[in-house]
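This is what each chain is made of:
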Amino acid sequence: MSGLSFRRLAFMLLFAFLVWSSSTGTCHARRGKHWRHSRAASASLSKKKAKSHGSGSHHHGVSKSKPKAPSPPKQEVTPPPPEKKGSETFNVLDFGAKGDGDTDDTKAFQSAWASACKVEASTVVVPSEYVFLVGPISFSGPYCEANIVFQLDGTIVAPTNAKAWGSGLLWWIEFTKLRGITIRGNGVIDGKGSVWWQDSPFDDPVDDEAKLIIPLNRTAKENSPIPINSKLGSKMPSTKPTALRFYGSSNVTVTGITIQNSPQCHLKFDNCMEVSVYEMSVSSPGDSVNTDGIHLQNSKDVLIHTTNLACGDDCVSIQTGCSNVYIHNVNCGPGHGISIGGLGRDGTKACVSNITVRDIIMHNTMNGVRIKTWQGGSGSVQGVLFSNIQVSEVELPIVIDQFYCDKGKCKNQTSAVALSGITYEKIKGTYTVKPVHFACSDNLPCMDVTLTGIELKPLQERYHMYDPFCWQTFGELTTPTVPPIDCLQIGKPSSNRIQSDHDSC
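Residues numbered from 1 in each chain as written. Predicted model: local features only at pLDDT ≥ 70, side-chain atom pairs only at ≥ 80, totals over all residues. Heavy atoms only, no water.

Peer 1: Would you explain the overall build of the protein chain in this entry?
Peer 2: Scanning the protein chain from terminus to terminus reveals three helices and 32 strands. Of all 505 residues assigned to the protein chain, the portion counted as buried reaches 45%. The contacts in the protein chain between residues at least 6 apart in sequence include a share of 78% that link residues at least 24 apart. Split by element, the accessible area of the protein chain, about 26,100 Å² in all, is 54% carbon and sulfur. (Helix = DSSP H or I, 4+ residues; strand = E, 2+ residues; numbered from the N terminus. Buried < 20%, exposed > 50% of the residue type's maximum accessible area, 1.4 Å probe, protein only. Contact = heavy atoms within 4.5 Å. Areas by Shrake-Rupley, 256 points an atom, 1.4 Å probe, with all protein chains shown as cover.)

If you want it as structure tokens, here you go:
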């Protein structure tokens, strides 16, 4: 009995110990599981902080809220693919142009432009291997989209019947009030100017420097013969159009094309800004009257380079209101050289400044680099550099003429456009009449005229030849010149009229 009781007591004690052991292990297991979870969370947090600091983040603290996924980029911020912008093209053939050289395609060009005008960076295509007869036309803003391209690979020809021109127009093809306009390609704009030249009236303006050029066997230079008006068909209007004109536009580019046989100026920029002309050509006979190559007026920030200009007047003409003009690497000839002016006509005020003309080749031109002003004008020309000009068989390589007059007789007047800060450097080559002609105003002499590295050698051809001429011209010779230009007065005039507000720009 006692043995049974002892065994029961031992069993009960063993059972109680097992129960107690099971409870204690469970507790430790739970506490251990909780500790491991805390260590893992802490390690994970440390890693996130390290990653955050490594990526340049500088947050101080941990947000209790669930971290948000990064938001996708907004669609409006992402620029459209480049190939889509400006990919819309408008071919004039799709708008009814025939391109046979006989059908009037003016309306087709107008329709193509009207569609392109509505699309930014669009392109009007004038395809190659077609000849398009187009009458007077204006590609107008100001409500067109920006950066339109006029891709000219074909040929555009002007009408030769007088009826198409009415009583006369100042332009044939005009681009006006546009923001970003480019004409490019390998095409041709042909003004068919011969029908205008043969109908030229006998009182057309004549370059005043012609009076300085006297053939050896005559007392005056022969003007280019003007054919008698054609009896076949009607006479062309007396007002001749410029072939291609830009007006009131900015960011203008002309490249690659050829403009030929314009009735008057070939390419004109009026009231334009940020103009770039390069790798293009102008081509007209040397005896085509008043056919300037490139004409600038009231235009700023102009770059002209790598062009071939052959015409019957100034290769480049720079008129009033022009500043920051840079011309380089241009071939000029035939023609009348590169000119500033004429300025101050009919008592007007003229302002021209910051003009650079350099790295130019001139062959068989009347003038080289020239400044010409009318008597009676006001304003100023200042800050002009002519540098590295190579002349070959040029009649008058260096000219300042403040008595310019392109008609029979002009009235003598005392007021003049003031000229100062004119530099000529590295002008070399051959001349056939006179190396230097400086004719400055009696009342307002030319000041700060600098000559450096002038080497001009005579080439006897068919004209009387003369020594350098200077009148009321003051400045300095920084190097010896060939020939010697002893007529330049060193320094400043002793009694120079002070420039008034009437003269200032």
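Let's pick the thread back up.
Peer 1: Can you walk me through helix α2 (residues 106-116) in this structure?
Peer 2: In an α-helix, one turn spans 3.6 residues, which is why side chains three or four residues apart end up on the same side. Among the residues of α2, Thr-106, Ala-108, Phe-109, Ala-112, Trp-113 and Ala-116 are the ones counted as buried. Looking straight down α2, one finds that the buried residues subtend no more than 165 degrees of arc, so they occupy a single side. (Arc of directions from axis to C-beta.)

Peer 1: Looking at this structure, how should I read the environment of Gly-475?
Peer 2: Tracing the backbone shows Gly-475 in strand β31 (residues 473-477). Along the backbone, Gly-475 and Asp-448 are 27 residues apart, and their C-alpha atoms lie at a distance of 4.4 Å. Contact partners of Gly-475, with chain neighbours within four places excluded, come to Asp-448, Val-449, Leu-488, Gln-489, Ile-490 and Gly-491.

Peer 1: Is there a simple way to explain the pattern of salt bridges in this structure?
Peer 2: A pair can form between side chains of opposite charge whenever their charged atoms are brought close. Evaluated as defined, the whole model comprises 12 salt bridges. One salt bridge in this structure joins Asp-401 and Lys-211, with 3.8 Å as the shortest N-O distance. Placement of Asp-401 in strand β25 (residues 396-401) and of Lys-211 in the loop between α3 (194-197) and β11 (242-247) is noted, with a sequence separation of 190 residues between them. Here Lys-211 falls in the partly exposed class, since its relative accessible area comes to 47%. Within the structure, one salt-bridge network assembled from shared partners comprises Asp-207, Glu-209, Asp-314, Arg-370 and Lys-372. (Salt bridge = Lys/Arg side-chain N within 4 Å of Asp/Glu carboxyl O.)

Peer 1: In this structure, what is going on with the state of the cysteines? I would like to understand it.
Peer 2: In protein structure, a disulfide is the covalent linkage between the sulfur atoms of two cysteines. Summed over the entire model, instances satisfying the criterion amount to six disulfides. Linked covalently through their sulfurs, Cys-117 and Cys-144 form a disulfide whose S-S length is 2.0 Å. Given an S-S torsion of about -105 degrees, the disulfide between Cys-117 and Cys-144 has left-handed geometry. Here Cys-117, found in the loop between α2 and β3 (123-126), pairs with Cys-144, found in the loop between β5 (137-140) and β6 (148-152); they are 27 residues apart in sequence, far enough to count as distant. Of the two residues examined, Cys-117 and Cys-144, each falls in the buried class. In this model, Cys-440 is linked to Cys-446 through a disulfide, with the two sulfur atoms separated by 2.0 Å. Its torsion about the S-S bond being -105 degrees, the disulfide of Cys-440 and Cys-446 is classed as left-handed. (Disulfide = S-S within 2.5 Å.)

Peer 1: Just checking my understanding: could you explain the confidence of the model for the protein chain for this structure?
Peer 2: For residues with low pLDDT, the predicted coordinates do not support detailed interpretation. Of all residues in the protein chain, 77% have pLDDT values of 70 or greater, and the mean over the chain is 84. Taken as a whole, residues 22-84 scores under 50 in pLDDT and shows three contacts with residues more than four places along the chain or in a different chain. Across residues 220-233 the pLDDT falls below 50, and counting only partners more than four positions away or on other chains, this stretch makes 26 contacts in the model. (pLDDT = per-residue confidence, 0-100.)

Peer 1: What is the right way to look at the pairing of strand β14 (residues 267-270) in this model?
Peer 2: Each regular strand shows side chains that alternate between the opposite faces of the sheet. Here β14 shows two buried faces, one formed by Leu-267 and Phe-269 and the other by Lys-268 and Asp-270. As paired elements, β11 and β14 share four bridges and run parallel to each other. By the bridge assignment for β14, Tyr-247 is matched with Asp-270. (Pairing = 2+ DSSP bridges.)

Peer 1: Where do I start with the packing of aromatic side chains in this structure?
Peer 2: Given two aromatic rings, their pairing is described by the distance between the two centres and the angle made by the two planes. As enumerated under the stated definition, the model contains 14 aromatic pairs in all. Measuring from ring centre to ring centre gives 6.5 Å for Phe-90 and Phe-95, while their planes differ by 45 degrees; the resulting arrangement is tilted. A residue is classified by how much of its surface remains accessible, and Phe-95, at 29% relative accessible area, is partly exposed. Taking 5.2 Å as the distance between ring centres and 10 degrees as the angle between the ring planes, the aromatic pair formed by Phe-246 and Phe-269 counts as stacked. One end of the pair, Phe-246, is in strand β11; the other, Phe-269, is in strand β14, with 23 residues separating them in the sequence. Residue classification places Phe-246 among the buried positions, given a relative accessible area of 0%. An aromatic cluster of three or more residues is present, and its members are Trp-113, Phe-139, Phe-150, Phe-175, Phe-246 and Phe-269. Note that Lys-434 overlies the ring of Tyr-466, its terminal NZ or CZ placed 5.7 Å from the centroid. (Phe/Tyr/Trp six-rings, centres within 6.5 Å; stacked < 30°, edge-to-face > 60°. Lys NZ or Arg CZ within 6 Å of the ring centre and 35° of its normal.)

Peer 1: Can you help me understand the sheet that holds β5 in this one?
Peer 2: The strands making up a sheet are joined through hydrogen bonds of the backbone, oriented either antiparallel or parallel. Spatially, 11 strands are ordered β5-β8-β11-β14-β17-β19-β21-β23-β25-β27-β30 in an open sheet, and the strand pairing comes out parallel. Either end of the sheet is taken by a strand with one partner, and the two such strands are β5 and β30 (469-471). Neighbour to neighbour, the strand axes of the sheet diverge by 15 degrees on average, direction disregarded. In the sheet, β14 pairs with strand β17 (residues 294-297) via four bridges, with the strands oriented parallel. When the bridges of β17 are listed, Asp-270 appears paired with Gln-297. Its contacts with the sheet put α2 on β5 and β8 (171-176), and the angle it makes with β5 is roughly 0 degrees. (Axes fitted to C-alpha atoms, helices over the stretch in contact; angles between N-to-C directions.)

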